[in-house]
Amino acid sequence: MRITCWGAAGEVTGSMHLVEAAGKRVLLDCGLFQGRRQEAHEKNRNFPLAATDVDLVVLSHAHIDHAGRLPLLVKLGFEGPIFCTPGTRDLSAVMLPDAGFIQEKDFEFLVKRGKERVGEPLYTAADATHVADHLVSVPYDRALEIAPGLRLTFVEAGHILGSASVVLEIDDLGKPKRLVFSGDIGRTGLPIIRDPRPPAGHADLLIVESTYANRTHESPAEAQDLLASYVNKVAKRGGKVFIPSFAVGRTQELVYELHGLARDGAIPKVPIFVDSPLAVNTTDVFRLHPEAFDRSERLVRETDELFRFPLVKYVRSVEESKRLNEMRGPAIVIAASGMAESGRILHHLRNGIGDHRNLVLFVGFQATYTLGYRLQQGAREVRIFGEEVACRAEVATIGGYSAHADRSELAKWVAGLGEPPRRALVVHGEAEQLDAMAGLLREARVDDLTIPNLGQGLEV
Ligand SMILES: [Zn+2]
């Protein structure tokens, strides 16, 4: 079999790997490149394969850097099935049209500034709805023959609702091969979703992520204490806490945490605004999938009220969103996107980061060159909507709410495979993290490992 890495190779975003085996061409993920605008834009536009040559897709989870090029693939003529878990199917059905809408807005913006010469957006919200015609859901832990000589099993990755590690059992010209693709590996002990479970057993090839291989996060309990102390501090000075957050997963976890803290008197009862129509829709999807929740929590019984707390207001309309800018603090505003690259958080930041009473609180990964990354690095002046805006607000990060395993959790996951894989491809990280993950794998006695470049192929 042959593997070619067409994304998340030497970087975090754009996850896409082509597996050629058992006479089929299978894509593992089909994600969007994000980050440095022009560069990401070029890479997204130049799809490296003939979409009509791809037989099927296996999707690890619904995050846009893993699923965000699917609408393009379908637009370019892909006709096959896209296999994913039920949670991923339902999340994709709301997230991809939203991504299409952002593509349309981005395109309009570029046209206005005279920067775009290509005649249309990468894809539209309408294009994205066609992806749903291809989605086939496969429950966790049920092996399914997806093509002759190809058996697929999804295993809990504990990263977001529906996230999975992928096991492909392949009859490669009469020789059985087992390929394990980690997807994005989550953390142990986070609220709501289950803990990751490594797919134990022999692997001829492991494709593994490395997002936080060089980091140690706070524990979920420490993260909770930090969150409480920031909210208290900002509430006392009458400021607002802006939390850029992915609409999926993190937002629901934060709402759940903040509610618990307010209920226990650990934070004052400040209003919490979830300003994202997508977050509202994805919260509805959470309600449909108690099968993906941590059963040790009371969540399953309480699913219905799970995210409907008296302090939490869900904001759908643009008018309501704008009113939040005029409102006085203290308040907490959670809005997408998680890396502050697009979405309503940009309006809040433009209006709010000039005020020293406010706090911009990051709770997720910030890819290099994103606005979130620049603020996190301490930039005191940033460009938002083409304008220079001075940042006088406090900026802080809580790593403990990350949806990604840290170094020790990645090591635990690798150990959980039971035996070292014969070969490993290390992906989904920037240079330092990739090296750290390679080191961690060597410690786990994985001798044959490769950190692929974009487009690099490997014969197994
Ligand atoms: Zn992810």
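Described in the following lines is the structure provided in the data block. (Residues numbered from 1 in each chain as written. Predicted model: local features only at pLDDT ≥ 70, side-chain atom pairs only at ≥ 80, totals over all residues. Heavy atoms only, no water.)

### Digging into the packing of helix H4 (residues 86–112) against helix H8 (residues 277–288)
Running from N to C, H4 and H8 cross one another at 170°; their axes reach a closest spacing of 9 Å. On the basis of the axis angle, H4 is roughly antiparallel to H8. Facing Asp90, Leu91, Val94, Met95 and Asp98 of H4, the residues of H8 in contact are Leu278, Asn281, Thr282, Val285 and Leu288. (Axes fitted to C-alpha atoms, helices over the stretch in contact; angles between N-to-C directions. Helix = DSSP H or I, 4+ residues; strand = E, 2+ residues; numbered from the N terminus. Parallel < 35°, antiparallel > 145°, perpendicular 65-115°, else oblique. Contact = heavy atoms within 4.5 Å.)

### Regarding helix H11 (residues 345–352)
Residues spaced three or four apart along an α-helix point in a common direction, a consequence of the helix completing one turn every 3.6 residues. Ile345, Leu346, His348, Leu349 and Gly352 are the residues of H11 that are buried. The buried side chains of H11 occupy one side of the element, clustering within an arc of 160° when seen end-on. (Buried < 20%, exposed > 50% of the residue type's maximum accessible area, 1.4 Å probe, protein only. Arc of directions from axis to C-beta.)

### What about the coordination of the zinc ion?
For the zinc ion, every protein donor is listed as His61 (NE2), His63 (ND1), His159 (NE2) and Asp184 (OD), and the spread of their distances is 2.2 to 2.3 Å. Taken together, the four donor atoms coordinating the zinc ion span angles of 88 to 170° at the metal, a pattern that classifies the geometry as irregular. For the zinc ion, all donor residues lie on one chain, and their spacing in sequence is H-x1-H-x95-H-x24-D. One end of the pair, His63, is in the loop between strand E4 (56–58) and helix H2 (64–67); the other, Asp184, is in the loop between strand E10 (175–181) and strand E11 (205–209), with 121 residues separating them in the sequence. Here the two residues His63 and Asp184 agree in accessibility, since each one is buried. (Donors = N, O, S within 2.8 Å, 3.2 Å for Na, K, Ca; no water. Tetrahedral: all angles 85-135°; square planar, octahedral: opposite > 155°, others 65-115°.)

### Let's talk about the sheet that holds strand E3 (residues 24–28)
As summarised here, the arrangement of the seven strands in space is E6-E5-E4-E3-E2-E1-E22, forming an open sheet in which the pairing is mixed. Single-partner strands in this sheet number two, and they are strand E6 (135–137) and strand E22 (457–459). Recorded for the sheet is a direction-independent mean angle of 25° between the axes of neighbouring strands. Pairing between strand E5 (residues 82–84) and E6: three bridges, direction parallel. Within E6, the residue paired with Cys84 across the bridge is Ser137. Against the sheet, H4 touches E5 and E6, its axis set at about 150° to E6. (Pairing = 2+ DSSP bridges.)

### Quick look at the sheet that holds strand E9 (residues 164–172)
Taken in spatial order, the seven strands line up as E7-E8-E9-E10-E11-E20-E21 in an open sheet, and their pairing is mixed. Strands at the two margins of the open sheet, each flanked by one partner only, are strand E7 (144–147) and strand E21 (448–450). Each neighbouring strand pair of the sheet contributes to a mean axis angle of 25°, computed without reference to strand direction. With four bridges joining them, E11 and strand E20 (residues 423–427) adopt parallel strand pairing. The partner of Val208 across the bridge, within E20, is Val426.

### Some points on the nonpolar core
A general trend in soluble globular proteins is that nonpolar side chains are found buried together. Of all hydrophobic cores here, the largest spans 74 residues; its most connected members are Leu27, Leu70, Leu73, Leu227, Ile332 and Leu361. Broken down by element, this core gets its largest block of residues, seven residues, from helix H6 (residues 220–236). Once you skip the residues sitting within four places of it in the chain, Leu361 turns out to touch Leu227, Tyr230, Val241, Phe242, Ile243, Pro244, Ala396, Thr397 and Ile398. If you look at the next biggest cluster of nonpolar residues, it comprises 29 residues, including Ile3, Val19, Phe181 and Leu205. (Core = buried A, V, L, I, M, F, W, Y, C linked by side-chain atoms within 4.5 Å.)

### Looking at the pattern of salt bridges
Close approach of charged atoms allows side chains of opposite charge to pair. In the structure shown here, the tally under the stated rule is 23 salt bridges. Residue Lys233 pairs with Glu394 through a salt bridge whose shortest N-O separation is 2.9 Å. With Lys233 in helix H6 and Glu394 in strand E19 (residues 394–397), this pair connects stretches of sequence that are 161 residues apart. The salt bridge involving Arg383 is made with Glu388; its shortest N-O contact spans 2.9 Å. On the basis of relative accessibility, which here comes to 45%, the residue Glu388 falls in the partly exposed class. Sharing partners across several salt bridges, the network here consists of Glu11, Glu39 and Lys43. (Salt bridge = Lys/Arg side-chain N within 4 Å of Asp/Glu carboxyl O.)

### Digging into the layout of surface pockets
Picture a little ball the size of a water molecule; that probe, rolled over the atoms, points out where space is still empty. Its boundaries defined by the atoms lining it, the second largest pocket holds a volume of some 360 Å³. Forming the boundary of the second largest pocket are 22 residues, of which Tyr212, Arg215, Phe365, Gln376 and Gln433 lie nearest the centre. Every element with two or more residues in the lining of the second largest pocket is listed here: helix H12 (371–376) and helix H14 (431–443). Looking at the lining of the second largest pocket element by element, the count peaks at three residues for H14. In terms of residue class, the lining of the second largest pocket is built from six nonpolar, 12 polar and four charged. (1 Å grid on protein atoms, 1.4 Å probe; cavity = no way out; pocket = protein on both sides within 12 Å on 5 of 7 lines; lining within 4 Å. Points joined across faces, edges and corners; volume = space filled by probe spheres on them. Nonpolar A, V, L, I, M, F, W, Y, C, P; charged D, E, K, R; others polar.)

### Overview of empty space enclosed by the protein
Per the counting criterion, the structure on display carries three cavities of 30 Å³ or more. Considering only enclosed or pocket space, the largest cavity measures out at about 120 Å³ in volume. Tallied by class, residues from the lining of the largest cavity come to five nonpolar, six polar and three charged. Estimated volume of the second largest cavity: approximately 40 Å³. Every residue lining the second largest cavity is listed: Ala8, Ser15, His17, His66, Phe181, Ser182, Gly183, Asp184, Val208, Glu209, Val427 and His428. Tallied by class, the residues present in the lining of the second largest cavity amount to four nonpolar, six polar and two charged.

### A few points about the side chain of Thr153
Mapping Thr153 onto the fold places it in strand E8 (residues 150–156). Sequence-distant contacts of Thr153, that is, excluding residues within four places in its chain, are made with Asp141, Arg142, Ala143, Ser165, Val166, Val167 and Glu169.

### Some thoughts on the pairing of strand E16 (residues 359–362)
Alternating residues of E16 divide into Leu359 and Leu361 and Val360 and Phe362, and every residue in both groups is buried. Where strand E12 (residues 240–244) and E16 come together, two bridges link them in parallel fashion. Bridge pairing links Val241 to Leu359 in E16. Inspection of the sheet shows E16 paired to E19 by four bridges, in the parallel sense. Residue pairing in the sheet places Phe362 in a bridge with Thr397 of E19.

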